[in-house]
Structure formats: structure tokens, C-alpha cells
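Geometric and topological summary
So you can see what is in the structure, the chains are spelled out below.
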Number of protein chains: 2
Amino acid sequence: MVGQVTTHLGIDIGGMSLKAHLIDRTGKIYRSATVPTVADWSNSEFLNGITEILKQFSDESYTSVGVGTPGPVDFEKGFILRSANLKNLDNCPVVPHIQSLTSVPVYFNNDANCASLGEYYFGAGKGSEDLIVLTLGTGLGVGWVHKGKLYNGHLGNGMEAGHQTIVLNGALCGCGSRGCAEAYFSTRGLLGRYREKTGKDLTNAKDFFDLVRSKDVPAVETLEFATEVLAHLLKNLVHSINPDRIVLVGGLTNSSDLYLDRLKHILKENAFPVLWEHLRLEVSSVGAGILGAAALGFKEEV
Amino acid sequence: MVGQVTTHLGIDIGGMSLKAHLIDRTGKIYRSATVPTVADWSNSEFLNGITEILKQFSDESYTSVGVGTPGPVDFEKGFILRSANLKNLDNCPVVPHIQSLTSVPVYFNNDANCASLGEYYFGAGKGSEDLIVLTLGTGLGVGWVHKGKLYNGHLGNGMEAGHQTIVLNGALCGCGSRGCAEAYFSTRGLLGRYREKTGKDLTNAKDFFDLVRSKDVPAVETLEFATEVLAHLLKNLVHSINPDRIVLVGGLTNSSDLYLDRLKHILKENAFPVLWEHLRLEVSSVGAGILGAAALGFKEEV
């Protein structure tokens, strides 16, 4: 038991596991739990997993539950519409399920939004008035914290900006459209574009970046083009949102020494000076998705 | 004299003239005035023109002045940084100048934002919670009215989304970058791309659309590609902002019968269904820029 401190439970729905942290407003973690996920889980098996992770906090008196999940959700109903990693989920009522197990308020949002909120409260986004966070991982997620609040848009699917078209009629994206930023600067995108050039299947981003470090020409070219695409996504976001800070997070930032300088250079060459001259562009190593999920409940406090 | 009705003065800075309307909250126009502009006006000549148009309302007791202007502005200082139509303007202190002539609050914003506010209050944007307005004219402007308020972003240059990259390394845009939406779907863009195909200089958009109607192949192809670009700009905005309504305004909408159906079709093929299924996409014939400039002052009312 934590005692008198007000705490919030955050749950992150990942491709490999459900993870949870019990935290206070400062981000201090009091307890953590993990439940492995199975790729072909049905709705009910998935909800059983949620029940199981909640049980591990049954003797705690948290004041809210926040859930972060990949890919499109219905905010009004609290449903996961579908998931790239848990392919059998279909209109899964995750919030109603949790609400049936607890009397405290339950919040949820997509994982990029949770990562953004985590950076805002505990990471490289502290103090930003208009913070944009890009999660560079398997896919490319984008979240926006506007004056301390997540921007969710009409019906709550505000930021799917990884699926901005940058290369008209370009590479096929997982979403079915062509030329999206995610089809280039994400693990799926980098490996897919590398496969097109070489016919070779790589299994993860580390292998790809190792090839770049060894000056493998197709890998270097793939990263160079993807960096150009990412820079123009940043340009588009800067020209639409005019943020004061952009933070890059996610697994692909472990290799940011290979592309960050060039990314900044292309952005500055292409965006209006008035829009980037006050902009800070940073890489964060925090990885604050679970903390951000818990922080979804902060708004209930005075 | 209008009498007891609360009125607002709106001034639009155009390439050909300064125009002003005195309106009330319903959009009723009580008096209008026009002062022709001269393309090579200096800062001081331009400010004299502003003085002249204000004089025509000297016997009215308006409660605010709103100014709409093309191009990048400094909101904090109230300066026009530069203007494509009045090329000699340079850091022009338009708001301080007006404020020296009147004791009422003075507001200003770019013309696309004013057009957006005009549509929100008086046009096809009425009742929208997240309204995006595209001004399709000489250039391509975008404004966003979020829950009844213009989104201005950090330092107030929130929406320059006509300069989103859609065609990476595509046609050179007036802004110096390549592949911006404006380099395709604007009068400048359509005529420029047509010139590249044919070597022919057209002088205005009407001549271009007349060629499309006469099935001139390069003109048809130019419009088809530009429509594809515009559809993907809409996709990008939909995937970033998730609006409930998009309204197209401006001179190029006079020929929307030539592209509107195809525009909608491409958008629906490429955007997430959850993002467009509740979206209304409309063309407005109102042309509410001056009204919107006046409406900048509405926020002062209870």
C-alpha cells in the first residue's frame, strides 16, 4: 500500500505484453506489473489479460486508471477498434470492461498520445506550450500536447499524422494508402524499403542500422530517403501546428546519431524561418508511455 | 451613424485594394469603403492608405477593428513581416499604426484565418466544432477554427498548411521549398505546372479552366494531378486535426464542378474511415474574409 499519496495506475498495451505502473504525480513508480500477450488473442482473452494485470494492484487505492493502446480507438465508447499487433481484436470494449472492475475513472488513448503526455510531464517536453511527440518504432505515431492537454480532435482520433502523405504515389503503407511517412521512417518502413532495393529480409531495426554503420549502400540510401521524408513530415506539422518543441522517442531514436543532424538541416532548409526559429527539436530517452497512460488521469486533480 | 447596435470594423488587405466593412454580430453590413493599393507602396505609403480608409468611418462608433492580411505576420508586435502582393512592405507596423488612430482594440490575422472565421460565423462553417477552411486563390491558405476560436499556434503562425509537402522533391514553390500543395492547387500552381507542360503562359485561372472544359489534354492532366495533391493535403489535415467540417472558398471554387467529385473520391480512398465518415466537405460561395476580419473583435463581447 502506498499510503496517503494520491496515485494513478497506467496500463500500456504492447505487442509483447501488457505493462502497468502505479505512479504519483511526480512520476515516482510505486509498483509495476507485466502480463505477456498472445498475438492471436480474441477480445475475451485480451480482456482476461486486463483483469489479470488489474488484480496485481487490488490492494492499492489508486484514483484513476489510464490505458494506452496502439491504433484507432473509439473514444466515446472506450473501444479498441482494431490493433496491428493483436490482430483478432475487433471493437474490443476495454474501457467498459475496466470500468466494470473499478469505481475510479478510466481513461484511454492511443500509445503515441500517452507517450506525448509522458514526455510533457516527465521527459523532454516539460514546459512546452505546444509539444509534438513522434514515436519512431514499429510504426510512426504522433501526439500533440496543446497547452498541457492532449489534442484529440473530433471523436478523438486527432493525430494519425504518421499517415500524412509525403511522397505522392509512393511506397504502399500498411494503412492501404501510398507515400505515408510511416511507409518510410518506421521499422516496417525501413525494412520494407530495404527489401525493395535488395530482396533481403531483415528482422529488426538494429540489423538495419548496423548495415548503415558498415556503409552498406542500399541501407544508407534507404535511411537517407527516409530521413528526407521524416524532415518533410516535421515541416508539415510545423506548418500546421506551429509547435514550440518537437520530441522524438521510440526504438529508432537509439540510432539517431545516424540521421538527426541531417533531419534538422532538411527541416531548416524547407520550413518558414518564422516557424522553426523558436522551435526545439530533441530526442528523448525516457520512454514515458506507461507514465503517460497514468497521467491521463491527472486532469481529475485540482 | 449606426446608433445603438454594437458594430465591428473589418479591413481586408488585398493585392488590388484595401476594403472595409462595418458590421454587427449578425454579419449585417452598415457601411463599406475601398482604397486602391499600389503594388510598390512603401511601409509609410501603405500606412497612409490605412489612415485614409479609417477616415471614412470617423463618424462611426465601432467597438473593435480587425485586419486581415496575406502572408506571415508577427502577432505579438502586430507587424506584417512581408507580403507577396505589396512587395516593398517590410516589418510593417500596421497594428501599432491603427492603434495610434483609435482607442478601441485592434486585432489582426492572416487572410486565410479571417476567411475561416467568416465562414464559421456567417457561412458554410456555422455550427462546426473543428472547422478547416482552405482558400483556393492566387495561393493556397488554410485556417482552422477550433471550438469557435482561431488556432494560431506558438507566436501565431499556426496554419501555413498550403506549404505542406505532398510531392517530395516536386515542383518549386514560391516559398522556396519543393512539392508544397500550393505549388499545384492554386492559380500560381496551376498556371506554373501548365507552363511546364506546354511553354504557354496563361494570365488567369479562368483561361486555365476554360481549357479544361474544352478538353485540352495538358490542362486536364494538370488539374487531375493538382486535384490528387489537394486530396492528399486534405488527407494530411484530416489525419492531423480530425475536423468535422472542411470548407473550400476562393476564386478557384468557381470551377469546383471540374474537380470536387474526384477530390472527395481520392480523399475517401486514402484517409482512415474513422476520420472521414463524420466529415462534411463543402464549397462556400460567401467569400467572408472582410466579415471574418471584423469578427476577430467578437471575442471581446460577453
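For the rest of this paragraph, the subject is the overall build of chain A. The number of helices and strands found in chain A is nine helices and 12 strands. On C-alpha atoms alone, chain A measures out to a radius of gyration of 19 Å, which is about the 19 Å that the 2.2 N^0.38 rule sets for 302 residues. Over its C-alpha atoms, taken along the principal directions, chain A stretches across nearly 55 × 45 × 35 Å. Residues counted as buried form 52% of the 302 residues belonging to chain A.

Right, let's get into the sheet that holds strand 9 (residues 140–146) of chain B. Residue and element names in this part refer to chain B. One open sheet holds the five strands; their spatial order is 10-9-8-11-12, and the pairing between them is mixed. Of all strands in the sheet, those with a lone pairing partner are strand 10 (149–150) and strand 12 (280–283), marking the two edges. With two bridges joining them, strand 9 and strand 10 adopt antiparallel strand pairing. Across the sheet, Val-145 pairs through a bridge with Leu-150, a residue of strand 10. Sheet strands in contact with helix 3 (residues 111–122) are strand 8 (130–136), strand 9, strand 10 and strand 11 (245–249), and its direction is about 50° off that of strand 9.

All names here are of chain B. For the pair helix 1 (residues 43–55) and helix 2 (residues 94–101), interaxial distance at closest approach is 10 Å and the crossing angle is 40°. Comparing the axis directions of helix 1 and helix 2 gives the class oblique. Here the hand of the crossing between helix 1 and helix 2 comes out right-handed. Counted together, Leu-47, Ile-50, Thr-51 and Leu-54 of helix 1 and Val-94, His-97, Ile-98 and Leu-101 of helix 2 form the full contact between these two elements.

Below, the discussion takes up the relation of the copies chain B and chain A. Note on the copies: chain B fits chain A at an RMSD of 0.1 Å, the axial shift is 0.0 Å, and the rotation between them is 180°. On this basis, the relationship between the two copies can be described by a two-fold rotation axis. With an isologous cut-off of 70% or more, the 100% of interface residues of chain B that recur at the interface of chain A puts this contact in the isologous class.

Attention shifts here to the interface of chain B and chain A. At the junction of the two partners, chain B supplies 36 residues and chain A supplies 36 residues. Element by element, the count of residues in the side of chain B that touches chain A is highest for helix 6 (residues 217–241) of chain B, at eight residues.

The next subject is the sheet that holds strand 3 (residues 29–36) of chain B. Residue and element names in this part refer to chain B. The strand order across the open sheet built from five strands is 3-2-1-4-7, with neighbouring strands paired in mixed fashion. A strand with exactly one partner marks an edge of an open sheet, and here the two such strands are strand 3 and strand 7 (106–110). Shown here is a sheet whose adjacent strand axes are inclined to one another by a mean of 15°, direction ignored. Here strand 2 (residues 17–23) pairs with strand 3 via seven bridges, running antiparallel. Looking across to strand 3, one finds that Ser-17 is bridged to Pro-36. Each of strand 1 (8–13), strand 4 (65–69) and strand 7 is contacted by helix 3, which is oriented at about 105° to strand 7, the strand it contacts most.

A separate point is the confidence of the model for chain A. Residues shown with low pLDDT carry predicted positions that ought not to be read at fine detail. Averaged over every residue, the pLDDT of chain A is 92; residues scoring 70 or more account for 96%. Reported confidences for the modelled complex are a pTM of 0.90 and an ipTM of 0.88.

A few words on the environment of Asn242(B). All names here are of chain B. Looking at the secondary structure, you find Asn-242 in the loop between helix 6 and strand 11. Overall, Asn-242 belongs to the buried group, with 25 C-beta atoms counted inside 10 Å. It is 9.5 Å that separates the C-alpha atoms of Asn-242 and Ile-132, two residues lying 110 residues apart in sequence.

This part covers the pairing of strand 7 of chain B. Residues and elements named next belong to chain B. Across the five residues that make up strand 7, a large majority, five, are buried. Of the two faces of strand 7, the one carrying Val-106, Phe-108 and Asn-110 and the one carrying Tyr-107 and Asn-109 are both buried. The pairing of strand 4 with strand 7 spans five bridges and is classified as parallel. In the strand pairing of strand 7, Thr-69 is matched with Asn-110.

For the rest of this paragraph, the subject is the domain arrangement of chain A. Residues and elements named next belong to chain A. Here the domain parsing of chain A yields domain 1 (7–114 + 289–300) and domain 2 (127–283). Distance from the C-alpha centre of domain 1 to the C-alpha centre of domain 2: 26 Å. Every contact between the two is made by 10 residues of domain 1 and, on the other side, 13 residues of domain 2. For the side of domain 1 that touches domain 2, the element with the most residues is helix 3 (residues 111–122), which contributes three residues. For the side of domain 1 that touches domain 2, the per-class residue count stands at five nonpolar, three polar and two charged.

Our focus in this paragraph is unusual backbone geometry. Trans is the prevailing form of peptide bonds, just as negative phi is the prevailing case for residues other than glycine. Residue and element names in this part refer to chain B. Of note, the phi angle at Asn-169 is positive, near 60°, even though the residue is not glycine. Along the chain, Asn-169 turns up in the loop between strand 10 and helix 4 (187–198). For Asn-169, a count of 11 C-beta atoms within 10 Å translates into the label exposed. Unusually for a residue other than glycine, Lys-215 sits at a positive phi of about 65°.

To continue, consider helix 6 of chain B. Taking 1.5 Å per residue, 25 residues should reach 36 Å; helix 6 of chain B reaches 36 Å between its end C-alpha atoms and fits that length. Positive phi shows up at Asn242(B), right after helix 6 of chain B, with a value of about 60°.

Before going further, it helps to examine the packing of helix 5 (residues 205–213) of chain B against helix 6 of chain B. All names here are of chain B. At their nearest, the axes of helix 5 and helix 6 sit 7 Å apart, and the two run at 110° to each other. Compared by their axis directions, helix 5 and helix 6 come out roughly perpendicular. On helix 6, the residues touching Phe-208, Leu-211 and Val-212 of helix 5 are Ala-219, Val-220 and Leu-223. Across the contact of helix 5 with helix 6, the residue classes break down as six nonpolar, no polar and no charged.

Calculation criteria
Along each chain, residue indices are assigned from 1 in the same order as the chain's sequence is written. As a convention, the first chain written is A and the first ligand written is 1, with the rest following in written order. Local features in this predicted model are restricted to residues of pLDDT 70 or higher, and side-chain atom pairs are both shown and tallied only at a pLDDT of 80 or more, whereas totals for entire chains, interfaces and linings draw on every residue. In this description a helix means any DSSP run of H or I spanning at least four residues, a strand means any run of E spanning at least two, and both kinds are numbered starting from the N terminus. C-alpha atoms define the radius of gyration in this analysis, and the globule rule sets the expected value at 2.2 Å times the number of residues to the power 0.38. As a rule, residues whose C-beta atom has 12 or fewer other C-beta atoms within 10 Å are exposed, those with 20 or more are buried, and those in between are partly exposed; C-beta atoms are placed from the backbone. A pair of strands is labelled paired if DSSP reports no fewer than 2 bridges between them. We call two residues in contact if the C-beta atoms placed from their backbones are at most 7 Å apart. Angles run from 0 to 180 degrees between N-to-C directions of axes, and those axes are lines fitted to C-alpha atoms, restricted for helices to the stretch in contact. Orientation categories follow fixed angle ranges, with anything under 35 degrees roughly parallel, anything over 145 roughly antiparallel, 65 to 115 roughly perpendicular, and all other angles oblique. By definition, turning the near helix anticlockwise from the far helix through less than a right angle yields a left-handed crossing, and turning it clockwise yields a right-handed one. In this comparison the copies share one frame, found by least squares on the C-alpha atoms of residues holding pLDDT of at least 70 in both. A residue's pLDDT is simply how confident the predictor is in it, with values from 0 to 100. All the domain ranges listed were derived from an automatic or database domain assignment. Three classes are used: nonpolar for Ala, Val, Leu, Ile, Met, Phe, Trp, Tyr, Cys and Pro, charged for Asp, Glu, Lys and Arg, and polar for all others, with Gly counted as polar. Each residue after the first adds 1.5 Å to the expected span of a helix.

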